Amino acid sequence: MSDTSPAPARPTAPVLDVWCDLQCPDCRTALDDLRALRARYGDRLEVRLRHFPLEKNKHAFAAAQAAEEAVEQGQGWAYVEAVLGRVEELASRGEAFLLDVARELGLDAEEFDTSLIDGRHILIVDADQAEGKAIGVTGTPTYVIDGERLDGGKSQEGLRERVEEIADRLLAGQG
């Protein structure tokens, strides 16, 4: 006789939304914390990049679209880290820089260029930005975990520890 009962549901991982502007120096500073969180929790914590391009950063909206194309091509985080690591170059070179980063990572730069022209990822960026505004995001980086908003644009001090406290509590509650 075979067992037809459904497999026990695996608890879903807690989600950390990171509202980010890819031309923001404070978001670059947050990269070390994001790397540490991803290393510590692996797939037990879902870290989601959410786009919040600021008007003052003229290439941030294009960078957000390019990041979505990188996700489509399977290298979202690698692309985001490469762009954030060189925010000054993005500020000075704009879309040419975004295409160069795609080439450096072995991605299809022609497809990146096409995606920036046809705007296929604009709705994702607009939706993220609208959701961010609706929940009170005003600057970047801003973290949201378990309904708690933590503003990293004012200071990164103690933020990773606070995210870890909340994530540990949520994960303990799943056991």
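Please refer to the structure placed before this passage.
Please read these numbers as outputs of a predicted model, since none were measured by experiment. (Residues numbered from 1 in each chain as written. Predicted model: local features only at pLDDT ≥ 70, side-chain atom pairs only at ≥ 80, totals over all residues. Heavy atoms only, no water.)

(A) Looking closely at the overall build of the protein. Helix and strand content of the protein: eight helices and four strands. Oriented by its inertia axes, the alpha-carbon framework of the protein measures out at about 60 × 45 × 30 Å. Among the 175 residues that make up the protein, the fraction classed as buried is 45%. The long-range share in the protein, meaning contacts at least 24 apart out of those at least 6 apart in sequence, stands at 72%. (Helix = DSSP H or I, 4+ residues; strand = E, 2+ residues; numbered from the N terminus. Buried < 20%, exposed > 50% of the residue type's maximum accessible area, 1.4 Å probe, protein only. Contact = heavy atoms within 4.5 Å.)

(B) Spatial organisation of the pattern of salt bridges. Throughout the structure, instances matching the rule amount to 23 salt bridges. A salt bridge links R38 to E81, with the nearest nitrogen and oxygen atoms 3.4 Å apart. Residue R38 is found in helix α1 (residues 25–41), and its partner E81 is found in helix α3 (residues 76–84); the two are separated by 43 residues along the sequence. Between E148 and R162 there is a salt bridge whose closest N-O contact spans 2.8 Å. (Salt bridge = Lys/Arg side-chain N within 4 Å of Asp/Glu carboxyl O.)

(C) Region of interest: the packing of aromatic side chains. Summed over the entire model, instances satisfying the criterion amount to one aromatic pair. Ring geometry for Y79 against F112: centres 5.2 Å apart, planes inclined by 35 degrees, an arrangement best described as tilted. Here the residue Y79 occupies a position in helix α3, and F112 occupies one in helix α6 (residues 109–118), the gap between them amounting to 33 residues. Look at F112 and you get buried, because its relative accessible area is 0%. (Phe/Tyr/Trp six-rings, centres within 6.5 Å; stacked < 30°, edge-to-face > 60°.)

(D) Local environment of α1. A rise of 1.5 Å per residue sets the reference length of α1, with its 17 residues, at 24 Å; its end C-alpha atoms lie 25 Å apart and thus fit the reference within 8%. The largest bend in α1 amounts to roughly 35 degrees and is located at L31. Looking only at α1, the buried set comprises C27, A30, L31, D33, L34, L37 and Y41. Buried residues along α1 sit against β1 (15–20), β2 (46–51), α3, β3 (142–145) and α8 (159–172). Directly after α1, the chain includes G42, whose backbone phi takes a positive value near 55 degrees. (Expected span 1.5 Å × (residues − 1). Bend = angle between axes of the 7 residues up to and from the residue.)

(E) Molecular detail of the sheet that holds strand β4 (residues 148–151). The four strands lie next to each other as β2-β1-β3-β4, forming an open sheet whose pairing is mixed. The sheet is open, and its two edges are formed by β2 and β4, each paired on a single side. The sheet shows a mean angle of 20 degrees between the axes of neighbouring strands, direction not considered. Lying on the sheet, helix α7 (residues 122–134) is in contact with β1 and β2; it crosses β2 at an angle near 100 degrees. (Pairing = 2+ DSSP bridges. Axes fitted to C-alpha atoms, helices over the stretch in contact; angles between N-to-C directions.)

(F) Region of interest: the packing of α3 against helix α5 (residues 95–104). The interhelical angle for the contact between α3 and α5, taken along N-to-C directions, is 130 degrees, at an axis separation of 10 Å. It follows from the interaxial angle that α3 and α5 lie oblique. Remark: the crossing between α3 and α5 carries right-handed chirality. Taken together, the residues of α5 that come into contact with α3 (itself represented by Y79, A82 and V83) are F97, L98, V101 and A102. (Parallel < 35°, antiparallel > 145°, perpendicular 65-115°, else oblique. Left-handed = near helix turned anticlockwise from the far one by under 90°.)

(G) View of the nonpolar core. Ranked by size, the top nonpolar core spans 27 residues in total, and within it L22, Y79, V83, L84, L98 and F112 carry the most contacts. Counting residues per element, the ones that place at least two in this core are α1, α2 (60–72), α3, α4 (87–93), α5 and α6. L98 has contacts with A62, A63, A66, Y79, V83 and L90, leaving out every residue within four places of it along the chain. Listed in part, the 16 residues of the second largest apolar core include L34, L37, V163 and L171. (Core = buried A, V, L, I, M, F, W, Y, C linked by side-chain atoms within 4.5 Å.)

In short, shape yes, function no, at least from these values alone.
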